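# Summary of structural features
If you want the building blocks of each chain, they are given just below.
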Amino acid sequence: MKGKKILIISIIIILILALCVGGIALAYMKTDFLKSEQELFYKYMLSAGEKLSSMQSAELEAYLERTKNNPYENKSKLSVNVDIPEGMAPGLTQDYWQIVNNLNITFNGKVDNSNKRVEQDISINYSDNVSFPLQYKRNEELYAITSNLVLRTFLGVKNENLQKLYENVGGSQMVSVPDKIDTSMLDITKEDILNEVKKAKQILEENITEANFVKIDDNSFALVLNEQEANTIITKELEQFQNSNILPKSIRSNIAEILTQARNLKNPSAEFLKIVVTKDNKISVILQGTSIMNIQINDGEVVIASKTTDNNPEDVSIIIKKIQVANGVTYRVEYIVAEDNNNSKITVDAQFTDMTAQEVKENYLVALELTQGTNAVSYEYNFETTKNFAEIVRIEPIKESDVFLMNNANKEYLETLIPAIVSTFSEINKTQMQTIGLTEDKNPLIYATPIGYLMITLSNSISQNLENSNNQINQENEITNQIENNINSQINNIQNSNNV
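Residues numbered from 1 in each chain as written. Predicted model: local features only at pLDDT ≥ 70, side-chain atom pairs only at ≥ 80, totals over all residues. Heavy atoms only, no water.

## A closer look at the confidence of the model for the protein chain
Reading fine detail from the predicted coordinates is not recommended where pLDDT is low. Operational definition: In predicted models, pLDDT denotes the confidence assigned by the predictor to each residue on a 0 to 100 scale. Contact definition: two residues touch when any of their heavy atoms are within 4.5 Å.
Counting all residues, the mean pLDDT for the protein chain is 83, and 79% of those residues have values of 70 or more. Segment residues 24-31 is flagged for pLDDT under 50; beyond a separation of four residues in sequence, or across chains, it makes 15 contacts in the model.

## Description of the side chain of T67
Basically, it comes down to this: Only DSSP runs of H or I with at least four residues qualify as helices, and only runs of E with at least two residues qualify as strands; both kinds are numbered from the N terminus onward. Pairs of N or O atoms are called polar contacts if they sit within 3.5 Å, as long as, within protein, a hydrogen donor faces a hydrogen acceptor (for residues adjacent in sequence, only side-chain-to-side-chain pairs).
Among the secondary structure elements, T67 is positioned in helix α3 (residues 58-69). Of the polar contacts made by the side chain of T67, one reaches the backbone oxygen of L64; its length is 2.6 Å. T67 has contacts with Y72, N113, K387 and F389, leaving out every residue within four places of it along the chain.

## Side note on the nonpolar core
Our working definition: We define the nonpolar core as a collection of buried residues of types Ala, Val, Leu, Ile, Met, Phe, Trp, Tyr and Cys that are connected through side-chain atoms lying within 4.5 Å of one another. Relative accessibility under 20% of the residue-type maximum defines a buried residue, over 50% an exposed one, and the middle range a partly exposed one, all with a 1.4 Å probe and only protein chains included.
The biggest cluster of nonpolar side chains holds 41 residues, and the ones touching the most others in it are I16, L19, F41, M45, I208, I283 and I295. Looking at this core element by element, the count peaks at eight residues for helix α1 (residues 2-21). Apart from residues no more than four positions distant in its own chain, I208 is found in contact with Y42, F213, L223, L225 and I233. Counting 37 residues, the second-largest nonpolar core is a separate cluster that includes V82, V100, M406 and L414.

## Observations regarding the environment of T424
Here T424 is to be found in helix α10 (residues 411-435). For T424, a relative accessible area of 32% gives the class partly exposed. Taking C-alpha positions, T424 is 6.3 Å from V150, a pair spaced 274 residues apart along the chain.

## Comments concerning the pairing of strand β17 (residues 375-388)
Heads up, the condition is: Whether two strands pair depends on DSSP finding at least two bridges between them.
The sheet contact formed by strand β1 (residues 72-83) and β17 spans 11 bridges and is antiparallel. For S76, the partnering residue across the bridge sits in β17 and is T385. As defined by bridge partners, strand β16 (residues 359-372) adjoins β17 across 14 bridges and the pair is classed as antiparallel. Each bridged residue has a counterpart across the sheet, and for Q372 the counterpart in β17 is N375. Linking two consecutive strands that pair antiparallel, namely β16 and β17, is a turn of two residues; a positive phi of about 65 degrees is found at G373 within it.

## Notes on the pattern of salt bridges
Counted only if it meets this: Note on definitions: salt bridges are taken to be side-chain nitrogens of Lys or Arg within 4 Å of carboxyl oxygens of Asp or Glu.
In this structure the tally under the stated criterion is eight salt bridges. A salt bridge links D299 to K51, with the nearest nitrogen and oxygen atoms 3.2 Å apart. Note that D299 is positioned in the loop between β11 (290-298) and β12 (301-306) and K51 in helix α2 (residues 37-53), a separation of 248 residues in sequence. One salt bridge in this structure joins K215 and D218, with 2.8 Å as the shortest N-O distance. Overall, the relative accessible area of 56% leaves D218 in the exposed class.

In structure tokens, the structure reads:
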């Protein structure tokens, strides 16, 4: 149900984009006094669309195209900063979290996106003198990795026959894995998205008339659809999305079920969906009389407030900002969820500097804040990279003959190989953790992510439940013993009385 709502909201957003670029030229040819509700609606939508275009960066688009078509050398570093208040993670001290925050991962190598080749020297640095080295290579659909501490050769996987490989390494046959991972989403261009918006615009224009537009007041106009009209448009959009390459196959495969539900609609109702636009570039989406989304578009900023539950009017907010500076541009996305006393906020910053130079700097920041009542937990990841578009950047392609290809190995051999690799890694991990003063189960990599904190929380919850259960059992046993003692005492009193 939640996935269905997300998909429908996504379609509504695409419809809004279509309206922003779909206004008719007539909207600017008359004064507002002489225009119809439809023309004024489109005029205000086009105004919002012009504000939205201020979010674009021609320089960034040209730079991203440059990275696709030109090989480069990279020097990169990923660092982490975790802030968990004392007592919120029992068993882990502030000294331990300092060790986690000392963790960093460096990447040095070359990338050739046009030929799908990559080579990287990776180092997981636990301290200044303890690190775990890795080498990674890619050649088209062949992906390979090694570590001189664990392996004598590269361990490779080819992007084919993955279901069989998954079963051979011990995966359940009940779980379906795609034979080939679809990476086409990585190649989506601006033109691909605009083509989908144009198709959405065409479907919209073919299924609405002037009668669908109404005046709210002098400063706002609306497109109103009854349930049958909205259903017709959304159904056709879903049919279009089934063949769209801008959506992952996993989402497209769920469209058929939603289509069946949509086609079975029997009871149309008035004002099922209303899209309202105002003169000051605010767009509201009202579904069955309830506001589910408000969008405010300003110069260099888009604010989206969405309703996902019946209890909170606007419990999800998305803020997108463009910050232009002399030598580059920064984009910031904030995703905020408010639910009772539990709030979460995700912030993503992407900064690009000197995009036309030989050396370009990129800086990415991902911050996660979780608030439970008065307690707050935060995770912050900073990825800095310098890309050098040198005159000559050559990547020697790795060949299948240089790799132990797991796709070609039989199940019996893999059942021996995988445990052996795991055992070797475990011994190295144990030694490295002891060197930095930790036990083998406290690898900072685990606790540098929210997964580690969730593991602690779950473990403490289970322990508390077991303790409560044991206390209850002990109390019940104590009561039972008291009852037995009382009964035995009564029996003894009766026997003594009879003897007298």
